[in-house]
Amino acid sequence: MNLRKRHKGASAEVHTSAMNDIMFFLLLFFLIASTVTNPNVIKLMLPKSSSGQSVSKKTINVSIDKDLKYTIDKKEVPVDQLQPTLQSYKALASELTIVLYVDRTVAIQDVVQVMDIAQKLNIKLVLATEPKG
């Protein structure tokens, strides 16, 4: 009877030192990245509402091209109908914002006219620009 141990090939070993280094660097990277992404965030406990309703915010696009054609959300509107049309949009949404697209050749007086209408109707207005480059 042969009672000696028999070796059935090489022993299985896993060297994890390289994997430990990689995991350490990944952990360090995510810790640093998480502190950099939102450094000035204020954590607030928001009040709860029983109705759960939120204020609807709507954005409409108003554009003036070089031929002084006014369009509101891709619908052409005459200048004298600009205020009533914007007023009807204001009735649909409580918080309305106008994004004003103006051709660079349009006189500033035409832009100010739209700004005055937005001010009268208490609508926020943002002037769209093109990025440089």
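Look above for the structure.
Since this is a predicted model, take the numbers as computed values, not measurements.

J.: Mind laying out the pairing of strand S5 (residues 124–127), listing which residues take part and the relevant values?
T.: Sheet topology note: the strand S4 (residues 95–102)/S5 ladder contains four bridges and is parallel. Bridge assignment links Val-99 to a residue of S5, and that residue is Val-126. Crossover S4 to S5 through helix H3 (residues 108–120) is right-handed.

J.: Kindly report on the nonpolar core, identifying the contributing residues and their values.
T.: Counting 19 residues, the largest nonpolar core has Ile-60, Val-62, Ile-72, Leu-82, Leu-86, Ile-98 and Val-114 as the members making the most contacts within it. Looking at this core, the elements that each hand over two or more residues are strand S1 (57–64), strand S2 (70–72), helix H2 (82–92), S4 and H3. The leading source of residues in this core is H3, at four residues. Apart from residues lying up to four places away in sequence, Ile-98 is in contact with Ile-60, Val-62, Leu-86, Ala-118, Ile-123, Lys-124, Leu-125 and Val-126.

J.: Quick rundown of the sheet that holds S1? Include the residues and the values.
T.: The strand order S3-S2-S1-S4-S5 describes an open sheet built from five strands, whose pairing is mixed. Looking at which strands have only one partner, the edges of the open sheet turn out to be strand S3 (75–77) and S5. Between one strand axis and the next, the sheet turns by 30° as a mean value, whatever way the strands run. Examined bridge by bridge, S1 and S4 share eight bridges and lie parallel to one another.

J.: Hey, could you go over the environment of Gln-83 for me, with residue numbers and the actual values?
T.: Note that Gln-83 resides in helix H2. A C-alpha to C-alpha distance of 9.2 Å links Gln-83 and Lys-120, two positions 37 residues apart in sequence. Excluding residues within four positions of it along the chain, Gln-83 makes contact with Ile-117, Lys-120 and Leu-121.

J.: Describe H2, naming the residues involved and giving the relevant values.
T.: What sets the pattern is the α-helix's 3.6 residues per turn: residues three or four places apart point alike. Buried within H2 we find Leu-82, Thr-85, Leu-86 and Tyr-89. For H2, the buried positions fall inside an angular range of 95° around the axis, keeping them on one side. Residues of H2 that are buried sit in contact with S1, S2, S3, S4 and H3.

J.: Can you break down H3 residue by residue, with the values?
T.: Taking 1.5 Å of rise per residue, the 13 residues of H3 would be expected to cover 18 Å, and the 18 Å separating its terminal C-alpha atoms lies within 8% of that figure. On its buried side, H3 packs onto S1, S2, H2, S4 and S5. Just beyond H3, the residue with positive phi is Asn-122, at close to 60°.

Definitions and limits used
Residues numbered from 1 in each chain as written. Predicted model: local features only at pLDDT ≥ 70, side-chain atom pairs only at ≥ 80, totals over all residues. Heavy atoms only, no water. Pairing = 2+ DSSP bridges. Helix = DSSP H or I, 4+ residues; strand = E, 2+ residues; numbered from the N terminus. Right-handed = clockwise from strand over helix to strand, strands pointing away. Core = buried A, V, L, I, M, F, W, Y, C linked by side-chain atoms within 4.5 Å. Buried < 20%, exposed > 50% of the residue type's maximum accessible area, 1.4 Å probe, protein only. Contact = heavy atoms within 4.5 Å. Axes fitted to C-alpha atoms, helices over the stretch in contact; angles between N-to-C directions. Arc of directions from axis to C-beta. Expected span 1.5 Å × (residues − 1).

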